[in-house]
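Listed below, chain by chain, are the residues.
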Amino acid sequence: MKGKHKSLDKHLKNNMLWVENLPDVQKVVLGISESCRHKYPPGHIRFKMDVDGGIKVTGYSGKGVTDIFIKIDPISNRDHVKKMIAERFRV
């Protein structure tokens, strides 16, 4: 998020800054964005899967969805980060 990516919807950008400031989150890497319809409100973030070094989540904006990788260090705190994201973005 701190790099040159500036293509996020304002709702999603604010929530990604919140995720970036969580303890144990080392880096947020934006992936592919797709324009599509979805049932989630703009700015919603949903856990997708565990991967080596962190987790993958999906960010929902008013324009579509974005794949996002969250690097967690130490990896033993992965469940804590997932729990905080789940509590904030309940549907």
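Structure first, text after, so check above.
Since we're looking at a predicted model, the values are computed, not measured.

So what exactly am I meant to see when it comes to the overall build of the chain here?
Scanning the chain from N- to C-terminus turns up two helices and four strands. Reading the secondary structure of the chain in the N-to-C direction produces α-β-β-β-β-α. Taking 91 residues into account, the globule formula puts the C-alpha radius of gyration at 12 Å, and the chain, at 12 Å, falls close to it. C-alpha atoms of the chain, sized along the principal axes, occupy 35 × 30 × 20 Å. Per-residue burial for the chain yields a buried fraction of 37% across its 91 residues. Accessible surface, the chain: about 5,800 Å² in total, of which carbon and sulfur atoms supply 50%. Here the chain holds 18 positive side-chain charges and 10 negative ones, and the gap between their average locations is 7 Å.

Even after reading the chapter, I still don't get the pairing of strand β2 (residues 45–51), so can you show me in this structure?
As a general feature of sheets, a regular strand has side chains that alternate between the two faces. Looking at chain direction, β2 and strand β3 (residues 54–60) are connected through six bridges and run antiparallel. If you follow F47 over to β3, its bridge partner there is V57. Linking β2 back to β3 in an antiparallel pair, the connection comprises two residues, with G53 at a positive phi of about 90°.

Scoring rules and cut-offs
Residues numbered from 1 in each chain as written. Predicted model: local features only at pLDDT ≥ 70, side-chain atom pairs only at ≥ 80, totals over all residues. Heavy atoms only, no water. Helix = DSSP H or I, 4+ residues; strand = E, 2+ residues; numbered from the N terminus. Rg over C-alpha atoms; globule rule 2.2 N^0.38 Å. Buried < 20%, exposed > 50% of the residue type's maximum accessible area, 1.4 Å probe, protein only. Areas by Shrake-Rupley, 256 points an atom, 1.4 Å probe, with all protein chains shown as cover. Lys, Arg positive; Asp, Glu negative; His and termini not counted. Charge placed at Lys NZ, Arg CZ, Asp CG, Glu CD. Pairing = 2+ DSSP bridges.

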